[in-house]
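Summary of structural features
Here are the chains, one letter per residue:
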Amino acid sequence: MQKDFLKEVRRRRTFAIISHPDAGKTTLTEKLLLYGGAIRLAGSVKSRRAQKHAVSDWMEIEKQRGISVTSSVMQFDYNNYCINILDTPGHQDFSEDTYRTLMAADSAVMVIDFAKGVEEQTKKLFEVCKMRGIPIFTFINKLDRAGKDPFELMEEIENVLGIRSYPMNWPIGIHGNFKGVYNRQKSQIEVFNEGKHGQTVVESVVGDVTDNIFKDLVGEDLHQQLMEEIELLDVAGDNFDLNKVLKGELTPVFFGSAMTNFGVRPFLEGFLEMTTPPIARMSNKGEIDPESNNFTGFIFKIQANMNPAHRDRIAFIRICSGKFQKGMSVNHVRVNKTVKLAQPQQFLAQDRAVVEEAYPGDIIGVHDPGIFNIGDTLCQDNSKVEYEGIPAFAPEHFAKVYAKDSMKRKQFVKGIEQISEEGAIQVFKRPHAGVEELLVGVVGVLQFEVLQYRLEKEYGVDIKMQSLPYRHVRWVEKENFNYDRFSLTMDSLIAEDKYGKPVVLFENQWSIQKVEERNPGTILKRVSTK
Ligand code: G4P
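Here's a quick rundown of the structure. Computed from a predicted structure; not experimentally measured. (Residues numbered from 1 in each chain as written. Predicted model: local features only at pLDDT ≥ 70, side-chain atom pairs only at ≥ 80, totals over all residues.)

Notes on the overall build of the protein
We count it as follows: Strands are runs of DSSP state E lasting at least two residues, helices are runs of H or I lasting at least four, and both sets are numbered from the N terminus onward. Note on burial: count the other C-beta atoms lying within 10 Å of the residue's C-beta; 20 or more is buried, 12 or fewer is exposed, in between is partly exposed, and C-beta positions come from the backbone. For every residue pair, C-beta atoms are placed from the backbone, and the pair is scored as a contact if these atoms sit within 7 Å.
From N to C terminus, the protein includes 14 helices and 33 strands. Burial status across the protein gives 45% buried among its 530 residues. Sequence separation of at least 24 residues holds for 71% of the intrachain contacts in the protein that already meet a minimum separation of 6.

Listed below in structure tokens is the structure:
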């Protein structure tokens with residue numbers, strides 16, 4: 001029994017894919033599922049892609065939520081590994097959930113568009129991975145098209161993101177002439193055959209770089225160029241150091257094209273060899289070993305149910321230790337109550353299934369009758385383990401929100417509170433102000449629409465929203481903080497979060513710097529831990 005349990009834990013690999021919209025996250029995910037045998041023909045995840053550019057009316061929101069429930073996490077087996085891919089919503093669906101999902105991952109795959117390099121959303125998501133110190137693997141995508149110089153791209157990653165990089169493989173033929181990759185560890189070449197537009201697994205020829213067959217396959221000139229580039233990399237580049245990779249200080253880089261499947265298998269295999277099984281997590285009782293028998297997990301995402309008549313929700317649990325079994329009762333540590341985890345579900349490719357058992361690294365969704373908050377810990381025994389809370393991440397859009405009818409204030413406050421508990425919005429308040437005037441912050445603007453719709457439909461409250469010009473919020477850390485003595489710029493606003501912690505809203509980066517300068521001893525933080 002115990003042996004089986006350990007085997008299951010050790011074969012788990014749980015990671016999130018991060019990227020800027022359109023870099024190819026969906027395509028790569030789909031191809032990983034294809035190679036894992038979870039789908040037969042690539043293209044089935046496409047419905048998501050088709051709707052992501054659509055207008056965001058409520059029907060659309062509903063659809064997106066439905067879809068993001070089923071595709072929040074995908075599990076499949078490959079070479080005896082059990083892989084959990086966590087979806088990080090992007091586009092209009094970009095929200096705090098996107099950041100929080102990263103808290104549930106043990107490593108991250110960063111997809112970068114070969115032509116565009118490091119883009120804005122990638123930077124933001126990267127910062128969270130860096131803060132957690134998890135391993136980050138880079139997949140440079142769209143090598144089948146013209147792009148930047150691979151050497152310059154590596155430099156860009158290092159300069160913009162501040163992480164050292166190590167190319168695990170090197171592209172052979174760029175700018176529309178992509179033939180294959182050279183594996184630096186094995187000194188092997190892999191040349192791909194044209195496939196059926198990437199719909200099925202592509203065949204390739206693999207062999208020693210010195211084998212003459214490759215001179216024919218890629219052409220004498222390209223082969224020569226490759227040999228020179230490899231030499232340059234070996235002389236000028238960083239050394240490979242797995243320890244640094246595991247600490248998130250060095251990112252292994254893979255080149256490929258998700259659309260044509262070139263380089264997808266070498267990436268998947270290289271990544272699986274290096275990445276980590278479930279990692280120990282910090283709690284109030286110290287680090288919890290995933291291999292310990294006591295079932296523990298934490299809630300990192302709450303998804304409101306689509307049926308507005310019942311305010312029931314699905315809570316997503318990241319299992320951190322022990323084995324989950326259907327019908328299990330656990331201690332809900334924050335409120336110190338025993339709860340039965342009802343209707344447990346797991347997500348396999350596009351399907352949802354009832355889960356009988358699950359292991360550390362897995363994500364399960366359970367029915368939430370409104371008792372869970374983001375960051376709550378569940379624990380099988382009575383040891384009262386509580387994992388470190390999930391931080392609040394800086395919203396980027398703000399609005400003043402009022403109930404149109406002041407008689408409905410009670411419902412208004414209740415609705416806002418519940419929706420903020422689910423983590424869709426953050427609520428701020430001017431110091432000394434009443435609840436009539438709430439400031440709401442969101443990471444993605446779509447959340448404003450969700451808020452308006454839900455308050456009306458679920459709580460019967462019509463609201464008025466006045467959009468505010470702020471784009472940044474920083475939590476203030478200062479000894480003996482005093483609202484009246486804190487010096488601001490003309491275009492910044494002081495407020496407090498729902499725990500009463502002081503924050504400042506800013507219109508631009510410049511003001512952030514100014515306020516820091518004007519208030520010596522102040523640290524302005526982008527993330528707040530409870
Ligand atoms: P995302 O999830 O990161 O937003 O990106 P997604 O996979 O949806 O890919 C964005 C676009 O880039 C898609 O084109 C997709 O086909 C294309 N793409 C992905 N990987 C590659 C690649 O390796 N090479 C090339 N040339 N293109 C790639 P689209 O026109 O938006 O959609 P579609 O009509 O192809 O479905």
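Picking up after the structure, the text goes on.
Observations regarding the sheet that holds strand β4 (residues 107–113)
Where we set the bar: Two strands are said to pair when DSSP picks up at least two bridges between them. All axes here are fitted lines through C-alpha atoms, helices being fitted over the stretch that makes contact, and every angle between N-to-C directions spans 0 to 180 degrees.
With respect to topology, 7 strands assemble into an open sheet ordered β2-β3-β1-β4-β5-β11-β6, the strand pairing being mixed. Whereas interior strands pair on both sides, the edge strands pair on one side only; in this sheet they are β2 (73–78) and β6 (164–167). The sheet shows a mean angle of 30° between the axes of neighbouring strands, taken without regard to direction. Each of β5 (136–141), β6 and β11 (250–255) is contacted by helix α7 (residues 150–161), which is oriented at about 150° to β6, the strand it contacts most.

Here we look at unusual backbone geometry
At aspartate 22, a position not held by glycine, the phi torsion is positive, near 80°. Checked against the element boundaries, aspartate 22 lands in the loop between β1 (12–19) and α2 (25–35). In the Ramachandran plot, asparagine 261 falls in the positive-phi region, its phi being about 70° despite a non-glycine side chain. When you line up the elements, asparagine 261 lands in the loop between β11 and α11 (264–274). The class for asparagine 261 is buried, based on 25 C-beta atoms found within 10 Å.

Regarding the pairing of strand β22 (residues 363–368)
Most of β22 sits inside the fold, with 5 of its 6 residues counted as buried. In the sheet, strand β15 (residues 313–321) pairs with β22 via 6 bridges, with the strands oriented antiparallel. For phenylalanine 316, the partnering residue across the bridge sits in β22 and is glycine 365.

Notes on the environment of leucine 34
Following the sequence through the fold, leucine 34 ends up in helix α2. In this structure leucine 34 comes out as buried when scored by C-beta crowding, with 23 C-beta atoms within 10 Å. When the C-alpha atoms of leucine 34 and glycine 162 are compared, they prove to be 33 Å apart, with 128 residues separating the residues in sequence.

A few points about the sheet that holds strand β8 (residues 180–183)
On the basis of which strands lie adjacent, the open sheet formed by 4 strands has the order β7-β8-β9-β10 and antiparallel pairing. Taken across any chain shown, the strands that pair with only one partner, and hence form the sheet edges, are β7 (169–172) and β10 (204–208). The sheet shows a mean angle of 20° between the axes of neighbouring strands, direction not considered. With 5 bridges connecting them, strand β9 (residues 188–192) and β10 associate as antiparallel partners. Each bridged residue has a counterpart across the sheet, and for isoleucine 189 the counterpart in β10 is glycine 207.

Brief notes about the environment of tyrosine 166
Note on placement: tyrosine 166 falls in strand β6. On the basis of neighbour count, tyrosine 166 is assigned to the partly exposed category, with 19 C-beta atoms found within 10 Å. Along the primary structure tyrosine 166 and asparagine 239 are separated by 73 residues, whereas in three dimensions their C-alpha atoms are 7.4 Å apart. If we skip the residues at most four places from it in the chain, tyrosine 166 touches Gly237, Asp238, Phe240, Leu250, Pro252 and Val253.

Looking at the pairing of β11
Burial within β11 is extensive, with 6 of its 6 residues counted as buried. Taking every second residue as pointing to the same face, both faces of β11 are buried, with Leu250, Pro252 and Phe254 on one and Thr251, Val253 and Phe255 on the other. As paired elements, β5 and β11 share 3 bridges and run parallel to each other. Across the sheet, residue isoleucine 140 finds its bridge partner in β11, namely phenylalanine 255. In terms of strand pairing, β6 meets β11 through 4 bridges, oriented parallel.

A closer look at the site of the ligand
Quick note on the threshold: Nearness here has a simple definition: the residue's C-beta atom, placed using the backbone, must lie within 6 Å of the molecule or strand. Amino acids outside the nonpolar list (Ala, Val, Leu, Ile, Met, Phe, Trp, Tyr, Cys, Pro) and the charged list (Asp, Glu, Lys, Arg) are all regarded as polar, and Gly is one of them.
Near the ligand lie 17 residues; those nearest to it are Gly24, Lys25, Thr26, Thr27 and Met259. In terms of residue count, the dominant contributor to the shell around the ligand is α2 (3 residues). Its residues assigned to classes, the shell around the ligand comprises 4 nonpolar, 7 polar and 6 charged.

Here's the deal with α7
The line we're drawing: A helix is expected to span 1.5 Å multiplied by its residue count minus one. Here, the arc refers to the directions that run from the helix axis to the C-beta atoms.
Along its 12 residues, α7 runs 16 Å from first to last C-alpha, staying within 8% of the 16 Å computed at 1.5 Å per residue. Restricting attention to buried positions, one finds in α7 the residues Leu153, Met154, Ile157 and Leu161. Here the buried residues of α7 occupy an arc of 105° about the axis, which is enough to place them on one side. Exposed side of α7, more than 90 degrees from the buried face: Glu152 and Asn159 are the residues found there. Where the residues of α7 are buried, they touch α6 (120–132), β5, β6 and β11. Just past α7, the residue glycine 162 takes up positive phi, approximately 70°.

Quick word on the nonpolar core
Inclusion rule: The term nonpolar core refers to a set of buried Ala, Val, Leu, Ile, Met, Phe, Trp, Tyr and Cys residues connected through C-beta atoms within 7 Å.
Within the largest apolar cluster, 131 residues are counted, with the highest numbers of intra-cluster contacts made by Leu102, Ala108, Val109, Met110, Ile299, Ile317 and Val440. Those residues within four positions of methionine 110 in sequence are excluded, and the remaining contacts are Ile18, Ser19, Thr122, Phe126, Ile136, Phe137 and Thr138.

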